[in-house]
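Read off the chains here:
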Amino acid sequence: MKVFLTGGRGMVGRAVQDDPAAAGHEIIAPSSVELDLTDRAAVIASVAEAKPDLVIHAAGRVGGIQANMANKAGFLTDNMDMGLNIVLAAKAAGVPRLLNLGSSCMYPHDAPNPLAEESLGKGELEPTNEGYGLAKLAVARLCAFVSDENEALSYKTLMPCNLYGLHDKFDPARSHLVPAIIRKVHEAKLSGAASVEIWGDGTARREFMFAGDLADAIWTAAARFDELPGFMNVGLGEDRSINDYYAEAARVIGWEGTFTHDLTKPTGMKQKLVSVDRAKSFGWCARTSLADGLALTYEHFKEHHA
Ligand SMILES: NC(=O)c1ccc[n+]([C@@H]2O[C@H](COP(=O)([O-])OP(=O)(O)OC[C@H]3O[C@@H](n4cnc5c(N)ncnc54)[C@H](OP(=O)(O)O)[C@@H]3O)[C@@H](O)[C@H]2O)c1
Ligand SMILES: C[C@@H]1O[C@H](OP(=O)(O)OP(=O)(O)OC[C@H]2O[C@@H](n3cnc4c(=O)[nH]c(N)nc43)[C@H](O)[C@@H]2O)[C@@H](O)[C@H](O)[C@@H]1O
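Residues numbered from 1 in each chain as written. Chains lettered and ligands numbered in written order. Predicted model: local features only at pLDDT ≥ 70, side-chain atom pairs only at ≥ 80, totals over all residues. Heavy atoms only, no water.

The name that an unreviewed UniProt entry assigns to the protein chain is GDP-L-fucose synthase, with the source organism given as Roseovarius faecimaris. Word for word, the UniProt comment on the protein chain under Catalytic activity (unreviewed entry) is "GDP-beta-L-fucose + NADP(+) = GDP-4-dehydro-alpha-D-rhamnose + NADPH + H(+)". Under Sequence similarities (unreviewed entry), UniProt gives the following word-for-word description of the protein chain: "Belongs to the NAD(P)-dependent epimerase/dehydratase family. Fucose synthase subfamily." (UniProt positions renumbered as here; feature names shortened; annotations may be inferred.)

This is how it looks when you write it as structure tokens:
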């Protein structure tokens, strides 16, 4: 199968290409330097030339709560532009299948947890990442509209929970929780610091899945595309408190200090656990434990970022 992959140099894009299932497929993965996805004409030309069997859209302007709060407009416009451009380019080229990546941030702020796909679009989004969430929701809806209006086109969306893994972003200005913890605890271990600061009181809950598991879900979806629901969450089915993530990372990294809590920091949604009922019915589940995922990510961090 010829696959056109966006975001190939990102955490998810790299995991997709490193997955054993990628072997045997022809993967065209232009970098953002080779193809700026916000340039509609360039995207249309590139997809028309490639004429792939499947587009996997794994590019995006992505960041943690602090990055999103700092530039809601940029997160909205960049993700909207990239998403609309790749979907419209695929449609123009008659690409039969497209797999779009949404996010658990698309769900309404007060939707009941676990977040079920039926809740999408039924309430206001979380203010801290509203720009990103609106763009994700709009592009996911566009995929559904294009599919409904064109029998030959099947464009579907996976909504992953929070992710971490190799090639994550360890820059504190952009980091999500897990890479931020790894950097802070690693630095405390090296410096001999007695404590590490947690944003908020640590009682918020999150579901962080290893990016390699999402890559497995993506290739499973690609192989059984016609059976795949139009919208499907991809997650672990369980969450943990922020405090627990810090404690587990300290154990994996081998640092025995204490934690302080900075209550002035933003904490976002109290909980963001996706329902995995549809994924289970589809026959997919995540396999990487937090301990194993953290160990793999920490080794990569030490090799490339420390
Ligand atoms: N990380 C999470 O927790 C999470 C959770 C749910 C869903 N997702 C979704 O999963 C996808 C991948 O996320 P990720 O964590 O892998 O993000 P990432 O590591 O930041 O990678 C994003 C990729 O998008 C590319 N990109 C950004 N702007 C571009 C542009 N204008 N033109 C072309 N390419 C551009 C980047 O290219 P460069 O490397 O060249 O900059 C990078 O390869 C995104 O759609 C994200 O919304 C992520
Ligand atoms: C999946 C992503 O979810 C994102 O929301 P969100 O889970 O709050 O993003 P994170 O930045 O991962 O924050 C998760 C939780 O960890 C807490 N936290 C504790 N210590 C830290 C720290 O040192 N750094 C960070 N970053 N968090 C920390 C943070 O307050 C929040 O409650 C959205 O903003 C994105 O758009 C994206 O969709």
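Of the regular secondary structure elements, the protein chain holds ten helices and twelve strands. Computed over the C-alpha atoms, the radius of gyration of the protein chain is 19 Å, within 12% of the 19 Å expected from 2.2 N^0.38 for a compact globule of 306 residues. Projected onto its principal axes, the C-alpha positions of the protein chain cover 60 × 40 × 35 Å. For the protein chain, contacts bridging at least 24 residues in sequence account for 83% of all contacts bridging at least 6. (Helix = DSSP H or I, 4+ residues; strand = E, 2+ residues; numbered from the N terminus. Rg over C-alpha atoms; globule rule 2.2 N^0.38 Å. Contact = heavy atoms within 4.5 Å.)

The next thing to look at is helix α7 (residues 211–223). Here α7 spans 19 Å end to end across 13 residues, near enough to the 18 Å set by a 1.5 Å rise per residue. Burial within α7 is extensive, with eleven of its 13 residues counted as buried. (Expected span 1.5 Å × (residues − 1). Buried < 20%, exposed > 50% of the residue type's maximum accessible area, 1.4 Å probe, protein only.)

Cis peptide bonds are those with omega within 30 degrees of zero, and the linkage from N113 to P114 qualifies with 0 degrees. Relative to the assigned elements, P114 resides in the loop between β4 (97–101) and α5 (130–149). For K51, which is not glycine, the phi dihedral falls at a positive 40 degrees. Topologically, K51 is positioned in the loop between α2 (40–50) and β3 (54–57). For K51, a relative accessible area of 54% puts it in the exposed group. Positioned with a positive phi, H167 is a non-glycine residue whose angle comes to about 60 degrees. Along the polypeptide, H167 turns up in the loop between β6 (162–164) and α6 (177–191).

Now for the site of ligand 1. Among the 27 residues in the neighbourhood of ligand 1, the closest are listed as M11, V12, S32, Y132 and K136. The contact in question runs from an oxygen atom of ligand 1 to an N or O atom on the side chain of Y132, over 2.5 Å. When isolated, ligand 1 has an accessible area of 890 Å², and the protein chains bury 84% of it. Broken down by secondary-structure element, the contributors of at least two residues to the shell around ligand 1 are α1 (11–18), α5 and β6. Of the residues assigned to the shell around ligand 1, the class counts are 13 nonpolar, nine polar and five charged. (Near = heavy atom within 4 Å. Polar contact = N/O pair within 3.5 Å; in protein donor to acceptor, adjacent residues only side chain to side chain. Areas by Shrake-Rupley, 256 points an atom, 1.4 Å probe, with all protein chains shown as cover. Nonpolar A, V, L, I, M, F, W, Y, C, P; charged D, E, K, R; others polar.)

A word on the site of ligand 2. Around ligand 2, the structure places 24 residues, and the nearest of them are C105, K184, Y246, P266 and T267. The separation between an oxygen atom of ligand 2 and a polar side-chain atom of K184 is 2.7 Å. Between ligand 2 and the protein, one listed contact pairs an oxygen atom with a backbone N or O atom of T267 at 2.6 Å. Calculation on ligand 2 without its partners gives an accessible area of 700 Å², and the protein chains cover 97% of this total. Every element with two or more residues in the shell around ligand 2 is listed here: α3 (65–70), α6 and α8 (242–253).

It is worth spelling out the UniProt feature "binding site: substrate" (unreviewed entry) in the protein chain at this point. Mapped onto the present numbering, the UniProt feature "binding site: substrate" (unreviewed entry) falls at K184, W199 and R206. Once you skip the residues sitting within four places of it in the chain, W199 turns out to touch I65, Q66, K184, Y246, D262, K265, P266 and T267. Take R206: its relative accessible area is 10%, and that puts it in the buried class. For R206, the contacting residues outside a window of four places in its chain are N162, D239, R240, I242, Y245, T267, G268, M269, K270, Q271 and K272. Polar contacts involving the side chain of R206 include one to the main-chain carbonyl oxygen of T267, which spans 3.2 Å.

The next point concerns the pattern of salt bridges. Within this structure, the stated rule accounts for ten salt bridges. Notably, a salt bridge pairs D78 with R61, separated by 3.1 Å at the nearest N-O pair. A residue pair is termed long-range when its members are at least 10 positions apart, and D78 in helix α4 (residues 72–93) and R61 in the loop between β3 and α3 qualify at 17 residues. A relative accessible area of 25% means that D78 is categorised as partly exposed. Close ionic contact of E117 with R278 constitutes a salt bridge, the shortest N to O distance being 3.7 Å. Of this pair, E117 sits in the loop between β4 and α5 while R278 sits in helix α9 (residues 277–282), and the two are 161 residues apart along the sequence. The buried category is assigned to E117, whose relative accessible area is 7%. R278 gets classed as partly exposed once you look at its relative accessible area, which sits at 27%. (Salt bridge = Lys/Arg side-chain N within 4 Å of Asp/Glu carboxyl O.)

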